[in-house]
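A closer look at the structure
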Amino acid sequence: MTTVPDKPKLSRLFRFQWEETQGNYVLLYPEGMVRLNQSAAEILKRCDGEHDVGQLVRELEQSFSTSGLEDDVKSFLSTATERGWLV
């Protein structure tokens, strides 16, 4: 299993932005683009190298008035790290 950074941030190889033509957030990189679903975008918005994983989870749970997101967030962060999106 991939180790998630303590305070994940987007790799400099990727640019996170709203893409009007796609109608959602994307990750741009030299070879292409990754279209993100809303959940992935909300998590990546908070990956600024300042927030630790616990803070990310708390902010998401507060923003969406829910609880129990920790496992899903950690799973996404692990996948994003494996793909090189996060450092």
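Quick look at the structure, then. (Residues numbered from 1 in each chain as written. Predicted model: local features only at pLDDT ≥ 70, side-chain atom pairs only at ≥ 80, totals over all residues. Heavy atoms only, no water.)

1. Some points on the overall build of the chain
Scanning the chain from terminus to terminus reveals 3 helices and 3 strands. Its helices and strands in sequence order give the chain the pattern β-β-β-α-α-α, from N to C terminus. The C-alpha radius of gyration of the chain comes to 13 Å, within 12% of the 12 Å expected for a compact globule of 87 residues. Looking at the 87 residues of the chain, the share that counts as buried comes to 37%. Sequence separation of at least 24 residues holds for 50% of the intrachain contacts in the chain that already meet a minimum separation of 6. Entry remark: accessible area of the chain is about 5,600 Å², with carbon and sulfur atoms responsible for 45%. Side chains of the chain give 10 positive and 14 negative charges; the mean places of these two sets differ by 4 Å. (Helix = DSSP H or I, 4+ residues; strand = E, 2+ residues; numbered from the N terminus. Rg over C-alpha atoms; globule rule 2.2 N^0.38 Å. Buried < 20%, exposed > 50% of the residue type's maximum accessible area, 1.4 Å probe, protein only. Contact = heavy atoms within 4.5 Å. Areas by Shrake-Rupley, 256 points an atom, 1.4 Å probe, with all protein chains shown as cover. Lys, Arg positive; Asp, Glu negative; His and termini not counted. Charge placed at Lys NZ, Arg CZ, Asp CG, Glu CD.)

2. Re the nonpolar core
Among the nonpolar cores identified, the biggest contains 18 residues, and Leu44, Phe76, Leu77 and Trp85 are the most heavily contacted of them. Among the secondary structure elements, those contributing two or more residues to this core are helix H1 (38-45), helix H2 (53-63) and helix H3 (70-82). Among residues more than four places away in sequence, those in contact with Trp85 are Lys9, Leu10, Ser11, Phe14, Leu27, Val34, Leu36, Leu44, Phe76 and Ala80. (Core = buried A, V, L, I, M, F, W, Y, C linked by side-chain atoms within 4.5 Å.)

3. Things to note about the pairing of strand E1 (residues 15-19)
Two elements, E1 and strand E2 (residues 24-29), share 5 bridges in a ladder whose sense is antiparallel. From the neighbouring strand, Phe16 faces E2, where its bridge partner is Leu27. Where E1 folds back on E2, the antiparallel hairpin that results is connected by 4 residues, among which Gly23 adopts a positive phi of roughly 75°. (Pairing = 2+ DSSP bridges.)

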